[in-house]
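The chain contents come next:
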Amino acid sequence: MEALTELRKHVQGSKFVMGTDEVMKHLRHSRLAKVFVASNCPDKVKGDIRHYCSVAGCELVELAVPNDELGVMCKKPFSIAVVGVLK
């Protein structure tokens with residue numbers, strides 16, 4: 001539950017990026033401090049993000065909520081599998 005509270009705080013502050021492509025792009029340039037992944041994120045995507053997080057020194061948080069609920073938390077009308085918090 002603590003991770004969800006932290007994510008909501010970052011969403012209100014608007015220092016975050018959404019979506020697999022955007023998060024991967026920022027991870028490659030080491031611009032992210034933390035990455036949140038939905039519970040039903042595809043295993044291939046989760047594996048790629050886990051690898052890039054370890055290379056970039058970024059913290060990976062696996063949430064207990066599915067991607068459609070993560071989209072609602074980010075105030076979007078669509079599902080989101082991955083959210084990254086900028087440094």
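Residues numbered from 1 in each chain as written. Predicted model: local features only at pLDDT ≥ 70, side-chain atom pairs only at ≥ 80, totals over all residues. Heavy atoms only, no water.

**A closer look at helix H2 (residues 20–28)**
Taken residue by residue, H2 has Val23, Met24, His26 and Leu27 as its buried positions. For H2, the angular spread of the buried residues around the axis is 165°, confining them to a single face. Exposed and oriented more than 90 degrees from the buried face of H2 are Asp21 and Arg28. Of the surrounding elements, those touching the buried residues of H2 are strand S1 (16–18), strand S2 (32–37), helix H3 (43–56) and strand S4 (82–86). (Buried < 20%, exposed > 50% of the residue type's maximum accessible area, 1.4 Å probe, protein only. Helix = DSSP H or I, 4+ residues; strand = E, 2+ residues; numbered from the N terminus. Arc of directions from axis to C-beta. Contact = heavy atoms within 4.5 Å.)

**Examining unusual backbone geometry**
With a phi angle near 55°, Ser30 is a residue other than glycine that sits in the positive phi range. The topology assignment puts Ser30 in the loop between H2 and S2. For Lys75, which is not glycine, the phi torsion reads 60° and is therefore positive. Along the chain, Lys75 falls in the loop between helix H4 (67–73) and S4.

**Considerations on the sheet that holds S2**
One open sheet holds the 4 strands; their spatial order is S1-S4-S2-S3, and the pairing between them is mixed. Two strands bound the open sheet, and with one partner strand each, they are S1 and strand S3 (59–62). The sheet shows a mean angle of 20° between the axes of neighbouring strands, taken without regard to direction. Of the strand pairs in this sheet, S2 and S4 are connected by 5 bridges, and their pairing is antiparallel. Looking across to S4, one finds that Leu32 is bridged to Leu86. Packed on one face of the sheet, H3 meets S2, S3 and S4 and runs near 150° to S3. (Pairing = 2+ DSSP bridges. Axes fitted to C-alpha atoms, helices over the stretch in contact; angles between N-to-C directions.)

No statement about biological role is implied by the geometric values presented.
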